[in-house]
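For reference, the chains in residue letters:
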Amino acid sequence: MSDNCLFCKIVSGTVATQRIYEDDGVLAFPDIAPQAPVHVLVIPKRHIASLDALSEADRDEMGHLLERTAHVARLLGVHEAGYRTIINTHSHGGQMVFHLHCHILGGKPIGAMVSR
Ligand code: 5GP
Ligand code: ZN
């Protein structure tokens, strides 16, 4: 847990959210400003600032995050039509919250490229 991290506060329950899925390692919750009919964030419960902060020691945890992201997409019912997963990293990547998170976007065709 990192002080002053919004997503750590969501993990601890200090900031309320709908907990779509959780286990010991990950939490999935709706994005507060959805960019598609389905827009969910899947995060490691442990504070990791960004994809750039990963090291070899994090491989199992990140494998779990990715596999559970696919599981959450199935729970949301977007798996057959398909969905977009996005991880934004640092300034040029458009990262605004510095706790690693994987976006799931679906419920409509998302398009070939992400537009901002
Ligand atoms: P980033 O640009 O860092 O990849 O995405 C951060 C995401 O977090 C944004 O899509 C934004 O809408 C979402 N977000 C920001 N604050 C909150 C919040 O308090 N609750 C939830 N559920 N999502 C948030
Ligand atoms: Zn955090």
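See the structure printed just above.
Since this is a predicted model, take the numbers as computed values, not measurements.

**Q** Sorry if this is basic, but what is going on with the overall build of the protein here?
**A** Across its full length, the protein carries 3 helices and 5 strands. Ordering the α and β elements of the protein from the N terminus gives α-β-β-β-α-β-α-β. Its C-alpha radius of gyration of 14 Å places the protein within 12% of the 13 Å reference for a compact globule of 116 residues. A principal-axis box enclosing the C-alpha atoms of the protein has dimensions of 35 × 30 × 25 Å. Taking all 116 residues of the protein together, 36% fall into the buried category. Partitioning the intrachain contacts of the protein with sequence separation of at least 6 by distance along the chain shows that 53% fall at a separation of at least 24. Within the protein, the 12 negative side-chain charges are centred at a point lying 7 Å from the centre of the 10 positive side-chain charges.

**Q** What is the right way to read the site of ligand 1 from this model?
**A** Taken together, 16 residues surround ligand 1, and among them Pro30, Asp31, Gly94, Met96 and His101 come closest. Ile32 is positioned with one of its backbone polar atoms (N or O) 3.2 Å from a nitrogen atom of ligand 1. Compared with its free state, where it exposes 520 Å², ligand 1 has 85% of that area covered by protein. Sorting the residues of the shell around ligand 1 by element identifies α1 (6-12) and β2 (26-30) as the ones contributing at least two each. Considering every element that reaches the shell around ligand 1, the biggest residue donor is α1, with 3 residues. Residues of the shell around ligand 1, tallied by class, amount to 10 nonpolar, 5 polar and 1 charged.

**Q** Teacher, can you tell me more about the coordination of the zinc ion (ligand 2) here?
**A** Each donor-metal-donor angle would ideally measure 109.5 degrees in four-coordinate tetrahedral geometry, or 90 or 180 degrees in six-coordinate octahedral geometry. For the zinc ion (ligand 2), the protein coordination sphere consists of Cys5 (SG), Cys8 (SG), His47 (ND1) and His99 (ND1), at 2.0 to 2.3 Å. Of note is the zinc ion (ligand 2), whose 4 donor atoms meet at the metal with angles of 106 to 116 degrees in an arrangement that counts as tetrahedral. The motif formed by the donor residues of the zinc ion (ligand 2), counted along the single chain, is C-x2-C-x38-H-x51-H. Residue Cys5 is located in the segment before α1, and its partner His47 is located in the loop between β3 (38-44) and α2 (59-76); the two are separated by 42 residues in the primary sequence. Since its relative accessible area comes to 24%, His47 is described here as partly exposed.

What counts, and at which threshold
Residues numbered from 1 in each chain as written. Chains lettered and ligands numbered in written order. Predicted model: local features only at pLDDT ≥ 70, side-chain atom pairs only at ≥ 80, totals over all residues. Heavy atoms only, no water. Helix = DSSP H or I, 4+ residues; strand = E, 2+ residues; numbered from the N terminus. Rg over C-alpha atoms; globule rule 2.2 N^0.38 Å. Buried < 20%, exposed > 50% of the residue type's maximum accessible area, 1.4 Å probe, protein only. Contact = heavy atoms within 4.5 Å. Lys, Arg positive; Asp, Glu negative; His and termini not counted. Charge placed at Lys NZ, Arg CZ, Asp CG, Glu CD. Near = heavy atom within 4 Å. Polar contact = N/O pair within 3.5 Å; in protein donor to acceptor, adjacent residues only side chain to side chain. Areas by Shrake-Rupley, 256 points an atom, 1.4 Å probe, with all protein chains shown as cover. Nonpolar A, V, L, I, M, F, W, Y, C, P; charged D, E, K, R; others polar. Donors = N, O, S within 2.8 Å, 3.2 Å for Na, K, Ca; no water. Tetrahedral: all angles 85-135°; square planar, octahedral: opposite > 155°, others 65-115°.

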